[in-house]
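Summary of structural features
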Amino acid sequence: MPAPARRRFLSVFASLAAGLLPIRAVRAQSDPFASLVREVTGGAPVWPGRVKVDIPLLADNGHSVPLKVSVASPMTAVDHVRSIILLSEKNPRPVIAKFHFGPGAGRAEVATRVRLNGAQRLLALAQFSDGSFWSGGAEVVVTESACLDES
Amino acid sequence: MVARVQVPQQARRGEVIEIRISVQHVMETGYRYDNRGQAIPKNVINTLSARYNGAEIFRAELGSGIAANPYLQFYARAEASGEIEFSWVDDAGERGSERVSITVIA
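Residues numbered from 1 in each chain as written. Chains lettered and ligands numbered in written order. Predicted model: local features only at pLDDT ≥ 70, side-chain atom pairs only at ≥ 80, totals over all residues.

Some details on the overall build of chain A
Each helix and strand in chain A was counted, giving 2 helices and 9 strands. The linear arrangement of helices and strands in chain A, starting from the amino end, is α-α-β-β-β-β-β-β-β-β-β. In chain A, which comprises 151 residues, the proportion classed as buried is 33%. Counting contacts in chain A only where the partners sit at least 6 residues apart, residues at least 24 apart contribute 67% of the total. (Helix = DSSP H or I, 4+ residues; strand = E, 2+ residues; numbered from the N terminus. Buried ≥ 20, exposed ≤ 12 C-beta atoms within 10 Å, placed from the backbone. Contact = placed C-beta atoms within 7 Å.)

Structure below.
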(Lines give C-alpha, C1' and ligand atoms only; values in the text may rest on other atoms or scores of the structure.)
Protein backbone atom coordinates (compact mmCIF):
# COMPACT_ATOMS: atom_id res chain seq x y z
CA MET A 1 0.00 0.00 0.00
CA PRO A 2 2.78 2.55 0.64
CA ALA A 3 4.14 2.12 -2.91
CA PRO A 4 1.54 4.29 -4.81
CA ALA A 5 1.90 7.09 -2.27
CA ARG A 6 5.65 7.08 -2.62
CA ARG A 7 5.35 6.94 -6.42
CA ARG A 8 2.96 9.87 -6.40
CA PHE A 9 5.30 11.82 -4.14
CA LEU A 10 8.25 11.08 -6.41
CA SER A 11 6.37 12.06 -9.56
CA VAL A 12 5.23 15.34 -8.01
CA PHE A 13 8.79 16.02 -6.89
CA ALA A 14 10.12 15.23 -10.36
CA SER A 15 7.62 17.48 -12.12
CA LEU A 16 8.43 20.30 -9.72
CA ALA A 17 12.13 19.93 -10.42
CA ALA A 18 11.47 19.81 -14.16
CA GLY A 19 9.33 22.93 -13.88
CA LEU A 20 12.08 24.81 -12.10
CA LEU A 21 14.82 23.97 -14.57
CA PRO A 22 13.69 26.08 -17.55
CA ILE A 23 13.22 29.15 -15.32
CA ARG A 24 16.80 28.80 -14.11
CA ALA A 25 18.07 28.45 -17.66
CA VAL A 26 16.22 31.55 -18.85
CA ARG A 27 17.45 33.57 -15.92
CA ALA A 28 21.04 32.51 -16.47
CA GLN A 29 21.20 33.75 -20.06
CA SER A 30 19.01 36.85 -19.65
CA ASP A 31 20.75 39.94 -21.01
CA PRO A 32 18.81 43.12 -20.16
CA PHE A 33 19.42 44.42 -23.66
CA ALA A 34 18.69 41.21 -25.59
CA SER A 35 15.03 41.77 -26.48
CA LEU A 36 15.56 45.48 -26.99
CA VAL A 37 18.48 44.93 -29.34
CA ARG A 38 16.47 42.37 -31.29
CA GLU A 39 13.67 44.93 -31.66
CA VAL A 40 16.05 47.60 -32.95
CA THR A 41 18.06 45.41 -35.31
CA GLY A 42 15.24 43.19 -36.49
CA GLY A 43 17.18 40.09 -35.46
CA ALA A 44 20.36 40.94 -37.40
CA PRO A 45 23.61 39.87 -35.75
CA VAL A 46 25.40 42.48 -33.65
CA TRP A 47 29.21 42.38 -33.46
CA PRO A 48 31.12 43.75 -30.50
CA GLY A 49 33.55 46.57 -31.23
CA ARG A 50 34.09 49.71 -33.35
CA VAL A 51 31.73 51.69 -31.08
CA LYS A 52 33.01 53.64 -28.09
CA VAL A 53 30.86 55.22 -25.39
CA ASP A 54 32.56 57.91 -23.32
CA ILE A 55 30.84 58.72 -20.05
CA PRO A 56 32.18 59.66 -16.61
CA LEU A 57 32.70 56.66 -14.33
CA LEU A 58 30.75 58.46 -11.63
CA ALA A 59 27.94 60.91 -12.23
CA ASP A 60 26.86 62.93 -9.20
CA ASN A 61 23.56 63.88 -10.73
CA GLY A 62 21.57 61.74 -13.13
CA HIS A 63 19.63 64.67 -14.53
CA SER A 64 22.40 65.66 -16.90
CA VAL A 65 25.30 63.36 -17.65
CA PRO A 66 27.66 64.24 -20.52
CA LEU A 67 28.09 61.39 -22.97
CA LYS A 68 29.90 60.87 -26.26
CA VAL A 69 29.49 58.03 -28.74
CA SER A 70 32.13 57.64 -31.42
CA VAL A 71 32.33 54.99 -34.12
CA ALA A 72 35.40 54.02 -36.11
CA SER A 73 34.41 54.62 -39.72
CA PRO A 74 35.96 56.45 -42.71
CA MET A 75 32.53 58.09 -43.38
CA THR A 76 32.78 57.91 -47.17
CA ALA A 77 29.84 57.51 -49.54
CA VAL A 78 30.42 53.75 -49.79
CA ASP A 79 31.38 53.04 -46.18
CA HIS A 80 29.74 55.11 -43.48
CA VAL A 81 27.69 54.86 -40.33
CA ARG A 82 24.00 55.24 -40.98
CA SER A 83 22.68 55.38 -37.41
CA ILE A 84 23.68 55.21 -33.78
CA ILE A 85 21.10 53.94 -31.30
CA LEU A 86 21.69 54.62 -27.63
CA LEU A 87 20.10 52.23 -25.13
CA SER A 88 19.75 52.39 -21.36
CA GLU A 89 19.42 49.47 -18.98
CA LYS A 90 17.33 51.16 -16.28
CA ASN A 91 15.53 54.15 -17.76
CA PRO A 92 11.75 53.71 -18.02
CA ARG A 93 12.08 54.45 -21.75
CA PRO A 94 15.11 52.38 -22.67
CA VAL A 95 15.77 53.95 -26.08
CA ILE A 96 17.51 57.21 -25.16
CA ALA A 97 18.04 58.48 -28.69
CA LYS A 98 18.60 57.53 -32.30
CA PHE A 99 21.08 59.53 -34.35
CA HIS A 100 21.14 59.36 -38.14
CA PHE A 101 24.05 60.50 -40.27
CA GLY A 102 24.03 61.70 -43.85
CA PRO A 103 26.94 61.19 -46.24
CA GLY A 104 28.21 64.69 -45.44
CA ALA A 105 28.57 64.07 -41.72
CA GLY A 106 32.36 63.67 -41.91
CA ARG A 107 32.72 61.89 -38.59
CA ALA A 108 30.51 59.31 -36.87
CA GLU A 109 30.50 60.96 -33.52
CA VAL A 110 27.86 62.62 -31.36
CA ALA A 111 27.95 64.13 -27.90
CA THR A 112 24.98 65.05 -25.75
CA ARG A 113 23.74 65.05 -22.17
CA VAL A 114 21.50 62.29 -20.93
CA ARG A 115 19.20 61.57 -18.00
CA LEU A 116 19.97 58.36 -16.13
CA ASN A 117 17.71 56.56 -13.71
CA GLY A 118 20.38 55.07 -11.48
CA ALA A 119 23.73 53.33 -11.91
CA GLN A 120 23.64 51.18 -14.99
CA ARG A 121 25.16 49.99 -18.22
CA LEU A 122 24.64 51.87 -21.48
CA LEU A 123 24.79 50.24 -24.88
CA ALA A 124 25.28 51.96 -28.23
CA LEU A 125 24.51 50.21 -31.50
CA ALA A 126 25.86 51.46 -34.80
CA GLN A 127 24.37 50.50 -38.12
CA PHE A 128 26.83 50.73 -41.00
CA SER A 129 25.99 51.44 -44.64
CA ASP A 130 26.43 47.72 -45.45
CA GLY A 131 23.65 46.97 -42.95
CA SER A 132 25.88 45.41 -40.27
CA PHE A 133 25.47 46.27 -36.59
CA TRP A 134 28.34 46.87 -34.17
CA SER A 135 28.06 47.70 -30.49
CA GLY A 136 29.91 49.17 -27.56
CA GLY A 137 28.96 50.04 -24.03
CA ALA A 138 29.97 51.70 -20.81
CA GLU A 139 29.17 51.40 -17.13
CA VAL A 140 28.21 54.46 -15.13
CA VAL A 141 27.57 54.92 -11.42
CA VAL A 142 24.91 57.53 -10.69
CA THR A 143 24.76 58.89 -7.14
CA GLU A 144 21.49 60.76 -7.47
CA SER A 145 19.25 59.31 -10.13
CA ALA A 146 17.03 61.46 -12.31
CA CYS A 147 13.50 61.50 -10.91
CA LEU A 148 12.07 59.76 -13.91
CA ASP A 149 9.61 57.80 -11.83
CA GLU A 150 7.19 59.67 -9.60
CA SER A 151 8.95 61.01 -6.55
CA MET B 1 12.23 78.32 -28.67
CA VAL B 2 15.62 79.88 -28.15
CA ALA B 3 18.66 78.05 -29.46
CA ARG B 4 22.37 78.63 -29.45
CA VAL B 5 24.33 77.35 -32.40
CA GLN B 6 28.07 77.26 -32.78
CA VAL B 7 29.51 76.67 -36.24
CA PRO B 8 32.88 77.97 -37.47
CA GLN B 9 32.43 80.94 -39.79
CA GLN B 10 35.13 79.75 -42.11
CA ALA B 11 36.52 76.36 -43.06
CA ARG B 12 38.82 74.83 -45.63
CA ARG B 13 37.30 72.64 -48.32
CA GLY B 14 37.09 69.06 -47.10
CA GLU B 15 37.67 70.00 -43.48
CA VAL B 16 35.52 68.28 -40.87
CA ILE B 17 33.89 70.97 -38.74
CA GLU B 18 32.38 70.69 -35.28
CA ILE B 19 28.79 71.80 -34.83
CA ARG B 20 27.21 72.45 -31.47
CA ILE B 21 23.60 73.29 -30.75
CA SER B 22 21.69 73.81 -27.55
CA VAL B 23 17.95 74.42 -27.53
CA GLN B 24 16.06 75.85 -24.57
CA HIS B 25 13.41 73.27 -23.70
CA VAL B 26 12.18 71.59 -20.49
CA MET B 27 12.18 68.10 -22.04
CA GLU B 28 9.26 67.13 -19.79
CA THR B 29 9.41 63.39 -19.11
CA GLY B 30 5.74 62.76 -18.43
CA TYR B 31 6.60 61.13 -15.08
CA ARG B 32 6.29 64.28 -13.00
CA TYR B 33 3.29 65.70 -11.14
CA ASP B 34 2.41 69.33 -10.49
CA ASN B 35 1.39 70.84 -7.13
CA ARG B 36 -2.21 69.70 -7.52
CA GLY B 37 -1.19 66.11 -8.20
CA GLN B 38 -1.95 66.30 -11.90
CA ALA B 39 0.43 64.46 -14.20
CA ILE B 40 2.44 66.84 -16.37
CA PRO B 41 2.18 65.53 -19.93
CA LYS B 42 5.34 64.39 -21.71
CA ASN B 43 6.75 67.06 -23.97
CA VAL B 44 10.19 66.60 -25.45
CA ILE B 45 11.89 67.72 -28.62
CA ASN B 46 11.40 64.49 -30.55
CA THR B 47 13.30 65.34 -33.73
CA LEU B 48 16.15 67.69 -34.51
CA SER B 49 17.81 67.81 -37.89
CA ALA B 50 20.62 69.69 -39.60
CA ARG B 51 20.80 70.36 -43.32
CA TYR B 52 23.87 71.64 -45.12
CA ASN B 53 22.86 73.41 -48.33
CA GLY B 54 19.67 71.34 -48.37
CA ALA B 55 21.27 67.94 -47.79
CA GLU B 56 20.63 66.30 -44.45
CA ILE B 57 23.86 65.71 -42.54
CA PHE B 58 22.45 64.79 -39.15
CA ARG B 59 19.12 63.90 -37.60
CA ALA B 60 18.41 62.98 -33.99
CA GLU B 61 15.33 61.25 -32.62
CA LEU B 62 15.27 62.22 -28.98
CA GLY B 63 13.24 61.05 -26.00
CA SER B 64 12.78 61.77 -22.32
CA GLY B 65 16.24 60.30 -21.66
CA ILE B 66 17.85 63.47 -22.98
CA ALA B 67 18.56 66.14 -20.38
CA ALA B 68 16.63 69.43 -20.30
CA ASN B 69 17.86 72.08 -22.73
CA PRO B 70 19.14 69.42 -25.12
CA TYR B 71 22.71 69.85 -26.27
CA LEU B 72 24.12 68.10 -29.31
CA GLN B 73 27.57 68.10 -30.78
CA PHE B 74 28.24 66.54 -34.15
CA TYR B 75 30.29 67.03 -37.31
CA ALA B 76 30.03 67.96 -40.96
CA ARG B 77 32.41 67.94 -43.88
CA ALA B 78 32.73 71.46 -45.32
CA GLU B 79 32.31 71.12 -49.07
CA ALA B 80 30.89 74.44 -50.23
CA SER B 81 29.98 77.85 -48.89
CA GLY B 82 26.37 78.17 -47.90
CA GLU B 83 23.98 77.65 -45.07
CA ILE B 84 23.47 75.09 -42.36
CA GLU B 85 19.86 74.97 -41.28
CA PHE B 86 18.71 73.42 -38.03
CA SER B 87 15.09 72.58 -37.32
CA TRP B 88 13.34 70.81 -34.51
CA VAL B 89 9.86 69.98 -33.28
CA ASP B 90 8.48 68.98 -29.88
CA ASP B 91 5.59 66.72 -28.83
CA ALA B 92 3.26 69.73 -28.60
CA GLY B 93 3.95 70.42 -32.26
CA GLU B 94 5.93 73.57 -31.59
CA ARG B 95 8.66 74.08 -34.17
CA GLY B 96 11.89 75.97 -34.12
CA SER B 97 14.68 76.62 -36.54
CA GLU B 98 17.99 78.38 -36.80
CA ARG B 99 20.32 78.99 -39.73
CA VAL B 100 23.95 79.93 -39.92
CA SER B 101 26.14 80.66 -42.91
CA ILE B 102 29.59 79.23 -43.50
CA THR B 103 32.29 80.31 -45.93
CA VAL B 104 34.46 77.59 -47.44
CA ILE B 105 37.85 78.69 -48.69
CA ALA B 106 39.89 76.62 -51.13
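What about the overall build of chain B?
Looking only at helices and strands, chain B has 0 helices and 8 strands in total. Reading the helices (α) and strands (β) of chain B from amino to carboxyl end gives β-β-β-β-β-β-β-β. A compact globule built from 106 residues would reach a C-alpha radius of gyration of about 13 Å, whereas chain B, at 16 Å, exceeds it by more than 25%. Overall, chain B is about 60 × 20 × 20 Å in size when its C-alpha atoms are taken along their principal axes. Put simply, 57% of the contacts in chain B that link residues at least 6 apart link residues at least 24 apart. (Rg over C-alpha atoms; globule rule 2.2 N^0.38 Å.)

So, the sheet that holds strand 2 (residues 51-54) of chain A
The 6 strands lie next to each other as 2(A)-4(A)-7(A)-6(B)-3(B)-1(B), forming an open sheet whose pairing is antiparallel. The open sheet has two edge strands, strand 2 of chain A together with strand 1 (3-6) of chain B, and neither has a second partner. When strand polarity is set aside, the average angle formed by the axes of neighbouring strands in this sheet is 15°. With 4 bridges joining them, strand 2 of chain A and strand 4 (residues 65-71) of chain A adopt antiparallel strand pairing. For Asp54 of chain A, the partnering residue across the bridge sits in strand 4 of chain A and is Lys68 of chain A. (Pairing = 2+ DSSP bridges. Axes fitted to C-alpha atoms, helices over the stretch in contact; angles between N-to-C directions.)

A closer look at the interface of chain A and chain B
The partner chain B presents 27 residues to the 28 residues of chain A that form the contact. Sorting elements by how many residues they give to the side of chain A that touches chain B places strand 6 (residues 95-101) of chain A first, with 7 residues. Residue composition of the side of chain A that touches chain B, by class: 11 nonpolar, 9 polar and 8 charged. (Nonpolar A, V, L, I, M, F, W, Y, C, P; charged D, E, K, R; others polar.)

Side note on the pairing of strand 3 (residues 16-23) of chain B
Residue and element names in this part refer to chain B. Burial of the side chains of strand 3 is restricted to one face: Ile17, Ile19, Ile21 and Val23 are buried, whereas none of Val16, Glu18, Arg20 and Ser22 on the reverse face is. Bridge count for strand 1 against strand 3 is 4 bridges, and the pairing is antiparallel. Each bridged residue has a counterpart across the sheet, and for Val5 the counterpart in strand 3 is Ile21. Relative to strand 6 (residues 71-77), strand 3 is paired through 7 bridges, and the arrangement is antiparallel. Along strand 6, the bridge assignment pairs Ile17 with Ala76.

What to know about the pairing of strand 7 (residues 109-114) of chain A
As judged from the 6 bridges shared by strand 4 of chain A and strand 7 of chain A, these two strands associate in the antiparallel manner. The partner of Pro66 of chain A across the bridge, within strand 7 of chain A, is Arg113 of chain A. Of the strand pairs in this sheet, strand 7 of chain A and strand 6 of chain B are connected by 2 bridges, and their pairing is antiparallel. Along strand 6 of chain B, the bridge assignment pairs Ala111 of chain A with Gln73 of chain B.

What to know about the confidence of the model for chain B
The predicted model of chain B averages 95 in pLDDT, with 100% of residues at 70 or higher. As scored by the predictor, the complex reaches a pTM of 0.85 and an ipTM of 0.94. (pLDDT = per-residue confidence, 0-100.)

Structural notes on unusual backbone geometry
Positive phi, close to 65°, is recorded for Arg50 of chain A, a residue that is not glycine. Relative to the helices and strands, Arg50 of chain A resides in the loop between strand 1 (46-48) and strand 2. With a phi close to 55°, Asn69 of chain B is a non-glycine residue in the positive phi region. Counting through the fold element by element, Asn69 of chain B comes out in the loop between strand 5 (55-62) and strand 6.

Considerations on the environment of Gln73 of chain B
Within the secondary structure, Gln73 of chain B is located in strand 6. Taking the number of C-beta atoms within 10 Å as the measure of exposure, Gln73 of chain B has 17 and is therefore partly exposed. With 54 residues separating them in the primary sequence, Gln73 of chain B and Ile19 of chain B have C-alpha atoms 5.6 Å apart. Non-local contacts of Gln73 of chain B, meaning those with residues more than four positions away in its chain, are made with Val110 and Ala111 of chain A together with Glu18 and Arg20 of chain B.

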